[in-house]
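Observations on chain architecture
In case you want the letters, here they are:
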Amino acid sequence: MSSPLVITGMGMVSPLGCGVNASWERLLAGRSGVSSITRFETGELPIKVAGTVPGRESDPEAGFDPDRVADAKERRKMELFSLYAMAAAEEALTQANWFPSSDEDRLATATIVGSGIGGFPTITQAQNTLSTRGYRRLSPFTVPAFLANLAAGNVSIRYGLRGPLGCPVTACAAGVQAIGDGMRLIRSGEAEVALVGGAEACIDPLSLASFHAMKALSTEQAAPAKASRPFDQARNGFVMGEGAGLLVIETLAHAEARGATPLAFLSGYGTSADAHHITAGPEDGAGAAAAIRAALRMAGLAPEAIDHINAHATSTPVGDRAEIAALRNAFGDALPGIPISATKSATGHLLGAAGGVESIFSALAAIQDRLPPTLNLEHADADLSDLNFVSGEAREHRCRHVLCNGFGFGGVNAALIVSKA
């Protein structure tokens with residue numbers, strides 16, 4: 001029997017702050033990372049709130065400091081999503097104590113960092129420069145900054161990780177799929193260690209206006225912390241977030257051989273396609289349920305063995321309903337007994353980075369037997385009254401196995417099961 005897969009390092013940049021511990025403790029305390037947009041003037045745009053990563057000036061304890069990640073010359077070549085990935089990578093690799101120096105170890109280390117959009121602000125700024133100042137004023141770093149795979153590329157270059165390099169660009173499933181891709185690479189023998197997860201930073205007037213045109217974003221203005229309301233009757237759309245969540249994964253045998261501490265197991269992974277609609281899943285949730293069942297099969301678990309679910313739950317009525325349908329489809333009568341959290345209520349929706357961040361939250365729930373609260377869930381939909389939502393405040397609960405979901409436009413579904421070490 002092959003050695004099980006384990007997590008040995010975790011790194012995070014989120015709207016709740018920089019660093020896994022800061023983000024997790026603030027999440028458990030019921031703090032929200034959603035605030036009014038101050039990065040640019042929103043003007044007539046009705047979208048006024050977002051899950052923006054705090055800076056050092058507003059959050060001295062856990063704010064993001066780009067100077068600690070890269071010097072000014074390096075930053076000219078990078079978009080913000082790459083900088084977030086670099087910060088998360090340093091934290092994850094440090095915890096795992098994995099800084100390979102031999103050619104053999106470098107070639108055995110994969111870097112898979114998903115992103116939904118990549119360097120979107122660079123694209124919009126470049127178009128503005130082209131329109132107002134002409135093509136000669138475009139930076140030669142425009143393309144390297146916006147390419148979605150450059151978060152993985154920049155991390156790989158910095159640490160000399162020469163194994164497989166990848167970037168799932170599968171909308172909001174990208175972060176979970178990156179983890180699944182890393183699991184496959186290790187299982188196939190193409191890598192022994194993988195740095196996996198997602199990075200995103202596209203809080204930009206054009207992206208917000210585009211999602212607003214779909215009627216997908218919350219138009220809350222007066223109370224930003226109340227804007228993200230998964231499963232609540234008063235929800236009116238998702239809140240755009242940003243950040244990065246990366247994990248170092250390897251086999252238990254490899255971790256033990258080098259003296260690393262296994263934090264949690266990666267027990268199961270599944271992915272599927274709805275083959276239904278470009279933005280909405282089928283009402284019965286069949287596609288997402290297929291991904292969940294595949295993850296359960298890989299883990300060798302019955303549905304009732306899952307102790308907690310970190311739902312994808314973006315806070316859109318269509319998406320929330322489809323996910324609950326998928327959970328009922330996959331879990332049947334076992335679902336009402338399983339506590340469900342929706343951590344996007346505190347962070348907003350990090351698109352391609354969501355799966356990386358939420359997989360870490362799922363791992364921490366299993367490690368610490370603590371379930372994060374779903375903020376703003378005051379009046380759940382009437383047909384959800386039988387479900388066990390973790391609302392209001394964190395909950396102590398024995399966790400052996402946690403399910404984390406990630407679903408994206410185009411009908412892509414991914415599910416990951418993280419288990420106690």
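It should be noted that the structure appears before, not after, this text.
Below, the structure is looked at part by part. (Residues numbered from 1 in each chain as written. Predicted model: local features only at pLDDT ≥ 70, side-chain atom pairs only at ≥ 80, totals over all residues. Heavy atoms only, no water.)

Turning our eyes to something else, we now look at the overall build of the protein. If you tally the helices and strands in the protein, you get 14 helices and 16 strands. For the protein, the spread of C-alpha atoms along the three principal axes comes to 65 × 55 × 40 Å. Counting every position in the protein, which comprises 421 residues, the buried fraction comes to 60%. Partitioning the contacts of the protein with sequence separation of at least 6, the portion at a separation of at least 24 is 80%. When the accessible surface of the protein is totalled, it reaches about 16,300 Å², and 52% of it is carbon and sulfur. (Helix = DSSP H or I, 4+ residues; strand = E, 2+ residues; numbered from the N terminus. Buried < 20%, exposed > 50% of the residue type's maximum accessible area, 1.4 Å probe, protein only. Contact = heavy atoms within 4.5 Å. Areas by Shrake-Rupley, 256 points an atom, 1.4 Å probe, with all protein chains shown as cover.)

Following both chains from N to C, one finds helix α3 (residues 80-96) and helix α7 (residues 150-159) inclined at 45°, their axes separated by 9 Å at the closest point. Judged on the interaxial angle alone, α7 and α3 are oblique. Taken as a pair, α3 and α7 cross one another with a handedness that is right-handed. Residue-level inspection shows Phe81, Ser82, Ala85, Met86, Ala89, Glu90 and Leu93 of α3 in contact with α7, the latter providing Leu150, Ala151, Asn154, Val155, Arg158 and Tyr159. (Axes fitted to C-alpha atoms, helices over the stretch in contact; angles between N-to-C directions. Parallel < 35°, antiparallel > 145°, perpendicular 65-115°, else oblique. Left-handed = near helix turned anticlockwise from the far one by under 90°.)

This next bit is on the pairing of strand β8 (residues 243-251). The buried fraction of β8 amounts to nine of the nine residues, a majority that puts the element mostly inside the structure. Alignment of strand β1 (residues 5-14) against β8, held across eight bridges, turns out to be antiparallel. Residue pairing in the sheet places Gly9 in a bridge with Val248 of β8. In terms of strand pairing, strand β7 (residues 193-200) meets β8 through eight bridges, oriented antiparallel. (Pairing = 2+ DSSP bridges.)

Mapped onto the secondary structure, Ser23 falls in helix α1 (residues 20-28). The class of Ser23 is buried, set by a relative accessible area of 0%. For Ser23, the contacting residues outside a window of four places in its chain are Met12, Ser14, Leu16, Gly17 and Phe361.

The subject of this paragraph is the state of the cysteines. With the rule as written, the count across this model stands at zero disulfides. A disulfide-free cysteine, Cys172 has its sulfur positioned 9.2 Å from the sulfur of Cys202, the nearest such atom. For Cys172, a relative accessible area of 12% puts it in the buried group. No disulfide involves Cys399; its nearest neighbouring cysteine sulfur is the one of Cys404, lying 13 Å away. (Disulfide = S-S within 2.5 Å.)

What follows concerns the packing of aromatic side chains. Taken as a whole and assessed by the stated rule, the structure comprises six aromatic pairs. Considering the side-chain rings of Phe64 and Tyr84, the 5.0 Å spacing of their centres and the 80° angle between planes classify their relative orientation as edge-to-face. Residue Phe64 is found in the loop between β4 (49-50) and α2 (72-75), and its partner Tyr84 is found in helix α3; the two are separated by 20 residues along the sequence. No difference in accessibility class separates Phe64 from Tyr84, as the two residues are buried. Taken together, the aromatic side chains of Phe211, Phe238 and Phe409 make up a single cluster linked through ring pairs. (Phe/Tyr/Trp six-rings, centres within 6.5 Å; stacked < 30°, edge-to-face > 60°.)

Time to look at the environment of Gly259. Following the sequence through the fold, Gly259 ends up in the loop between α10 (252-257) and β9 (264-273). For Gly259, a relative accessible area of 63% gives the class exposed. Sequence spacing of Gly259 and Ile203 is 56 residues, and the spatial spacing of their C-alpha atoms is 40 Å.

This next bit is on the nonpolar core. Core analysis: the biggest nonpolar cluster contains 47 residues, and Ile7, Met10, Met183, Ile249, Leu266 and Leu416 have the highest contact counts within it. Sort the elements by how many residues they give to this core and helix α14 (residues 354-368) lands first, with eight residues. Sequence-distant contacts of Ile7, defined by excluding residues within four places in its chain, comprise Leu247, Val248, Ile249, Thr261, Pro262, Leu263, Ala264, Leu266, Ala363 and Val418. In this structure, Phe64, Val69, Ala151 and Val248 belong to the second largest nonpolar core, which totals 32 residues. (Core = buried A, V, L, I, M, F, W, Y, C linked by side-chain atoms within 4.5 Å.)

Because each turn of an α-helix spans 3.6 residues, side chains separated by three or four positions end up pointing in the same direction. Turning to helix α9 (residues 205-213), its buried residues are Ser207, Leu208 and Phe211. The buried residues of α9 all sit within an arc of 100° when viewed along its axis, so they share a single face. Elements that come into contact with the buried residues of α9 comprise α5 (120-133). (Arc of directions from axis to C-beta.)

Tallying each qualifying case throughout the model produces 19 salt bridges. One salt bridge in this structure joins Lys226 and Glu378, with 3.2 Å as the shortest N-O distance. Highlighted residues: Lys226 in the loop between α9 and β8 and Glu378 in the loop between β12 (370-371) and β13 (388-389), separated in sequence by 152 residues. Glu378 sits in the partly exposed class, given a relative accessible area of 46%. Ionic contacts of the salt-bridge type, sharing partners, join the residues Lys226, Arg229, Asp232 and Glu378 into one network. (Salt bridge = Lys/Arg side-chain N within 4 Å of Asp/Glu carboxyl O.)

Looking now at a nonpolar patch on the surface. Together, Leu130, Tyr135 and Leu138 make up an exposed nonpolar region whose accessible area comes to about 290 Å². With respect to the helices and strands, Leu130 occurs in helix α5. Taking relative accessible area as the criterion, Leu130 reaches 38% and is therefore assigned partly exposed. (Patch = residues over 30% accessible without salt bridge, like charges linked within 9 Å, V, L, I, M, F, W, Y side chains within 5 Å.)

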